[in-house]
Amino acid sequence: MSHVLFVVTAARTWTLSDGTAHPTGYWAEELITPYEQLTAAGHEVSFATPGGIAPVADAGSLRDGDAEAIAAIDELASPLVLADVDPAAYDAVYYPGGHGPMQDLATDADSAALIAATIGGGRLLAAVCHGLAALLPARDVSGQPIVAGRTITGFSDEEERIGGLADRAPFLLESSLRELGAEVEVAEPWSDHTVVDGRLITGQNPQSSASAAAALVAALG
């Protein structure tokens, strides 16, 4: 079977434009659901974070049973150091969201290099919700944004407004992806919406984590 790398934010807070440190982390559902689907299909999953820091779930994302499900994933307590990851060792890379990626992965050079190598090598890359922030700094061999000309989805500006953080966000994900030349397709807020563009799979929000994971499982064959 295949080996999938989950790249997870190590951020505990997101610094808003007014200087407020907004508590965050990764979004539990966006990690648990794909993990369960992939492992149920027989695939191996590993985890990496910037600096190898053990990630934390956004407290606001925890549903009944999520804390227990997270505790049962032993590898989460001691993830790989992202800078040490060999992209060729994995058949696919997956980025869960939460506001954490807006803090660290949106500017992380090691993550950007991993994404470029994964896409450039014809391997699968998947991301859900704010996990797409990791695509912002990624460039191809010619220096062009990885997302330029690609059809994707991600957490919408409208969803950020409904969530109450748009006015204080240092940047908005959907707008930033569009500025880099991506064709961003967004559905109604909080609706299940996954887009597949070749070997790139993206989901709009937490409600899309299951369908994005299903698309990744299908693509892995």
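Residues numbered from 1 in each chain as written. Predicted model: local features only at pLDDT ≥ 70, side-chain atom pairs only at ≥ 80, totals over all residues. Heavy atoms only, no water.

S.K.: Tell me about the UniProt feature "domain: DJ-1/PfpI" (unreviewed entry) in the chain, and name the residues and values.
M.R.: Listed under "domain: DJ-1/PfpI" (unreviewed entry) in the UniProt record, and renumbered for this structure, are residues 29-217. Structurally, residues 29-217 comprises 30% helix and 15% strand, and the distance from its first C-alpha atom to its last is 17 Å. (UniProt positions renumbered as here; feature names shortened; annotations may be inferred. Helix = DSSP H or I, 4+ residues; strand = E, 2+ residues; numbered from the N terminus.)

S.K.: Quick rundown of the packing of aromatic side chains? Include the residues and the values.
M.R.: In the structure shown here, the tally under the stated rule is 4 aromatic pairs. A centroid spacing of 5.3 Å and a plane angle of 65° characterise the contact between phenylalanine 6 and phenylalanine 47, whose relative ring orientation is edge-to-face. In this pair, phenylalanine 6 sits in strand β1 (residues 3-7) while phenylalanine 47 sits in strand β4 (residues 44-49), placing the two residues 41 residues apart along the sequence. Residue phenylalanine 6 is classed as buried on the basis of its relative accessible area, which comes to 0%. Owing to a relative accessible area of 2%, phenylalanine 47 belongs among the buried residues under this scheme. Centre to centre, the rings of tyrosine 35 and phenylalanine 47 are 5.8 Å apart; their planes meet at 35°, and the pair counts as tilted. Here tyrosine 35, found in helix α1 (residues 28-40), pairs with phenylalanine 47, found in strand β4; they are 12 residues apart in sequence, far enough to count as distant. Linked through ring pairs, Phe6, Tyr35, Phe47 and Tyr94 together constitute an aromatic cluster. (Phe/Tyr/Trp six-rings, centres within 6.5 Å; stacked < 30°, edge-to-face > 60°. Buried < 20%, exposed > 50% of the residue type's maximum accessible area, 1.4 Å probe, protein only.)

S.K.: So what's going on with the sheet that holds β1? Which residues, and what values?
M.R.: Across a sheet, paired strands are connected by hydrogen bonds in the backbone, their directions being either parallel or antiparallel. The 7 strands are arranged β5-β4-β1-β6-β7-β11-β10 in an open sheet whose pairing can be described as mixed. In this open sheet, the two edge strands, each paired with only one partner strand, are β5 (80-81) and β10 (194-197). Judged from the 4 bridges that link them, strand β6 (residues 92-95) and strand β7 (residues 124-128) form a sheet pairing that is parallel. From the neighbouring strand, tyrosine 95 faces β7, where its bridge partner is alanine 127. (Pairing = 2+ DSSP bridges.)

S.K.: I'd like to hear about the environment of methionine 1, residue by residue, with values.
M.R.: By secondary structure assignment, the location of methionine 1 is in the segment before β1. Classification of methionine 1 as exposed rests on a relative accessible area of 72%. The sequence separation of methionine 1 and histidine 22 amounts to 21 residues, and the corresponding C-alpha distance is 39 Å. Apart from the residues within four sequence positions on either side, methionine 1 is in contact with Ala41, Gly42 and His43. (Contact = heavy atoms within 4.5 Å.)

S.K.: Which residues make up the pattern of salt bridges, and what values do they have?
M.R.: Note that side chains of opposite charge can pair when their charged atoms are close. For the coordinates displayed, the defined rule picks out 6 salt bridges. Between arginine 168 and aspartate 18 there is a salt bridge, with its nearest N and O atoms 3.5 Å apart. Taken together, the positions of arginine 168 in the loop between α5 (157-163) and α6 (173-179) and aspartate 18 in the loop between β2 (13-15) and β3 (21-23) put the pair 150 residues apart, joining distant regions of the chain. Arginine 168 gets classed as partly exposed once you look at its relative accessible area, which sits at 31%. Taking the relative accessible area as the measure of exposure, aspartate 18 reaches 46% and is therefore partly exposed. Notably, a salt bridge pairs arginine 63 with aspartate 66, separated by 2.9 Å at the nearest N-O pair. Given the relative accessible area of 39%, arginine 63 is considered partly exposed. Taking the relative accessible area as the measure of exposure, aspartate 66 reaches 4% and is therefore buried. A network of salt bridges, in which partner residues are shared, links Glu29, Arg63 and Asp66. (Salt bridge = Lys/Arg side-chain N within 4 Å of Asp/Glu carboxyl O.)

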